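Observations on chain architecture
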Amino acid sequence: MEKLKRYIVFLIGLFINSLGVSLVTKADLGTSPISSVPYVLSLNFPFTLGQFTIAFSLLLILIQLLILRRNFKMEHLLQIPISILFGYFIDLTMMLLFFVNPKSYISSVAYLLIGCLVLGFGVYTEVLANVAMLPGESFVRAVSSTWKTEFGSTKVAFDVSLTVIAAALSLIFSHRLNGVREGTVIAALLVGFIARLFGRRLSFLPSLLFGTSEKSRDQSAPVLSGRQDQTAQLLSEDKDPAPYTVIVIGRQYGSGGHDIGKALAEKLGFAFYDNEIIQMTAGSTGYTPQFIKDREENITNSLLYDLVSQMYIYSDTQEAPRDAIFESEGKVIRELADKGNCVILGRCADYFLRDRKDCLKVYLHAPEDYRVKRIMKTENLSEEDARQKIRKMDRRRSDNYHYYTRRIWGHSGNYDLTLDTEIGAEAVQEIICNRMTQTSKAHAD
């Protein structure tokens with residue numbers, strides 16, 4: 001039943017996709033990169049855009065066969081009926097949109113943007129179904145898997161190549177650029193970006209439609225599964241407070257969270273995890289520790305990040321590096337929490353362990369002037385440099401936290417304790433220890 005639902009959703013997405021392609025094309029500012037070659041050919045030969053789309057798709061499938069050889073599976077042949085159906089859908093929607101005939105540049109831009117929005121939603125719907133790929137994306141996957149190239153870069157190179165080929169064909173047949181214009185570039189930039197935004201905003205749909213909360217094929221828009229281990233489930237059912245075996249610490253930059261967390265772990269006889277998480281994540285992602293360190297908790301602008309990472313919306317095997325790091329760190333954090341008796345620093349650990357009652361969630365903050373003086377001393381910076389670095393790091397941590405969790409960084413409702421470290425490191429540790437002692441006594445009683 002679930003598979004039937006997925007195929008229905010995929011067919012709906014395929015039709016929406018064709019509607020978006022037709023709208024973008026009708027805007028008369030060029031078309032999307034994947035449709036650029038068929039569109040230019042349709043303008044110079046007596047065949048429709050849909051017919052050339054079918055022919056071009058079949059060519060891509062044939063090239064996949066040559067690239068993959070023994071790795072070409074029977075499931076890849078499903079692209080053939082999909083391509084034929086997609087081509088007919090394009091011709092049908094082109095006829096349905098007969099009334100779209102923009103008379104001004106502004107109206108052309110408006111239709112182009114609407115078309116990108118529709119096409120982006122169509123791409124998202126196909127990704128949501130997670131049953132098949134169109135030949136264009138499957139071709140990129142074949143190239144990246146065979147020659148071990150990075151999917152996002154390969155997708156960009158593929159789109160650029162198609163656009164250049166279409167432009168060359170247009171110059172050969174029409175002696176001018178006809179069918180490849182600014183709309184081609186805009187569609188290339190916006191469609192994947194829009195699909196990624198839909199993936200983030202509609203993350204509840206997989207569970208609603210298919211009864212599962214696991215991630216769909218959309219890896220560029222992380223959808224957390226929220227799965228917890230069996231122990232955590234049992235703990236969540238216990239109405240009495242469980243003794244804390246895990247402490248997670250979120251902190252403002254310069255508040256002394258690292259030193260406090262490490263000293264607290266030594267005092268309690270707990271393990272302390274900070275950079276160790278980077279090493280463990282490196283082992284599971286294949287990225288170097290330095291690569292991970294440079295990118296974790298470090299989103300400068302969520303919209304720009306979505307724009308840069310949009311190509312990964314098309315991949316069913318790879319996700320954007322920061323997304324992969326976030327997911328892998330979450331897995332590492334849950335595994336460390338299962339072992340118990342540990343202090344975990346940062347990395348949205350309070351979110352990953354939000355359902356565990358044996359986890360004490362702490363947020364450490366301090367007045368900016370206090371943190372500036374501390375950073376001036378520990379990092380040998382001027383007052384102005386220290387202040388700028390504190391604001392930059394706090395902003396990045398806040399943006400990263402909100403992007404992935406949809407929650408407000410530092411909001412007291414996300415934590416069991418929020419403490420001002422200006423009262424002193426020892427006082428902070430004492431308060432945390434007292435909280436743990438009180439909970440243990442309450443559970444014993």
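Residues numbered from 1 in each chain as written. Predicted model: local features only at pLDDT ≥ 70, side-chain atom pairs only at ≥ 80, totals over all residues. Heavy atoms only, no water.

Focus on the packing of helix 1 (residues 2–26) against helix 5 (residues 105–129)
Between two packed helices, both the angle of their axes relative to each other and the distance between the axes serve to describe the pair. In plain terms, the rule: Note on geometry: axes are lines fitted to C-alpha atoms, helical ones only across the stretch in contact, with angles between N-to-C directions running from 0 to 180 degrees. Only DSSP runs of H or I covering at least 4 residues are called helices, and only runs of E covering at least 2 are called strands; the numbering of each starts at the N terminus. For classification purposes, an angle smaller than 35 degrees is called roughly parallel, one larger than 145 roughly antiparallel, one from 65 to 115 roughly perpendicular, and anything else oblique. Each crossing gets its handedness from the near helix: less than a right angle anticlockwise from the far helix is left-handed, clockwise is right-handed. Residues are grouped as follows: Ala, Val, Leu, Ile, Met, Phe, Trp, Tyr, Cys and Pro are nonpolar; Asp, Glu, Lys and Arg are charged; all remaining types, including Gly, are polar.
For the pair helix 1 and helix 5, the least separation of the axes is 7 Å and the interaxial angle reads 160 degrees. Between helix 1 and helix 5, the angle falls in the class roughly antiparallel. Our pair here, helix 1 against helix 5, has a crossing hand that is left-handed. Grouping the constituent residues of the contact of helix 1 with helix 5 by class yields 18 nonpolar, six polar and two charged.

Some points on the environment of Val127
With respect to the helices and strands, the residue Val127 is situated in helix 5. The spatial distance from the C-alpha of Val127 to the C-alpha of Ser315 is 8.8 Å, given a sequence separation of 188 residues.

So, the pattern of salt bridges
Rule in force here: Salt bridge criterion: a side-chain nitrogen from Lys or Arg within 4 Å of a carboxyl oxygen from Asp or Glu. Classification of residues uses two cut-offs on accessible area relative to the type maximum, computed with a 1.4 Å probe and protein chains only: under 20% is buried, over 50% is exposed, and between them is partly exposed.
One pass over the full model with this rule turns up 18 salt bridges. The partner of Lys155 in a salt bridge is Asp159, with the nearest N and O atoms 3.0 Å apart. Taken together, the residues span about one helical turn, with Lys155 and Asp159 both in helix 7 (residues 151–174) at a distance of four residues. Among the ionic pairs, Glu379 bridges to Lys389, the shortest N-O distance being 2.6 Å. With Glu379 in helix 17 (residues 368–379) and Lys389 in helix 18 (residues 383–405), this pair connects stretches of sequence that are ten residues apart. Assessed through its relative accessible area of 27%, Glu379 is described here as partly exposed. Ionic contacts of the salt-bridge type, sharing partners, join the residues Glu368, Asp369, Glu383, Arg387 and Arg391 into one network.

Comments concerning the layout of surface pockets
Our working definition: Computed over the protein atoms alone on a 1 Å grid, cavities are sets of points where a 1.4 Å probe fits but cannot get out and pockets are open sets with protein on both sides within 12 Å along at least five of seven lines; a residue lines them when it has an atom within 4 Å of a point. Grid points are joined across faces, edges and corners, and a volume is the space filled by probe spheres set on the points.
Of the volumes computed, that of the largest pocket is approximately 620 Å³. Lining the largest pocket are 25 residues, with Arg251, Tyr253, Lys293, Met393 and Arg397 sitting closest to its centre. Within the residue set of the lining of the largest pocket, elements represented by two or more residues are helix 11 (257–268), helix 12 (275–285), helix 13 (289–295), helix 17 and helix 18. Per-element accounting of the lining of the largest pocket gives the leading share, four residues, to helix 17. Tallied by class, the residues present in the lining of the largest pocket amount to five nonpolar, nine polar and eleven charged.

Looking at empty space enclosed by the protein
Following the criterion strictly, the structure yields five cavities of 30 Å³ or more and no others. Each pocket or cavity is described by its volume, and for the largest cavity that value is around 420 Å³. Lining the largest cavity are 35 residues, and of these Asn17, Ile34, Leu134, Glu137 and Tyr314 lie nearest its centre. Sorting the residues of the lining of the largest cavity by element identifies helix 1, helix 2 (33–44), helix 3 (49–68), helix 4 (79–96), helix 5, helix 6 (135–147), helix 7 and helix 8 (182–201) as the ones contributing at least two each. For the lining of the largest cavity, the per-class residue count stands at 21 nonpolar, nine polar and five charged. What the second largest cavity holds in volume is close to 120 Å³. Taken together, 15 residues make up the lining of the second largest cavity; nearest its centre are Glu297, Gly346, Arg347, Cys348 and Trp409.

Looking at the packing of helix 12 against helix 15 (residues 321–339)
We count it as follows: Residues count as neighbours in contact if any of their non-hydrogen atoms are within 4.5 Å of one another.
At a minimum axis separation of 9 Å, helix 12 and helix 15 run at an interaxial angle of 120 degrees. Considered as vectors, helix 12 and helix 15 are oriented oblique to each other. As for the relative orientation of helix 12 and helix 15, their crossing is right-handed in sense. Touching Ile277, Met280, Thr281, Ser284 and Thr285 of helix 12 are Ala324, Ile325, Ser328, Glu329, Val332, Ile333 and Leu336, all from helix 15.

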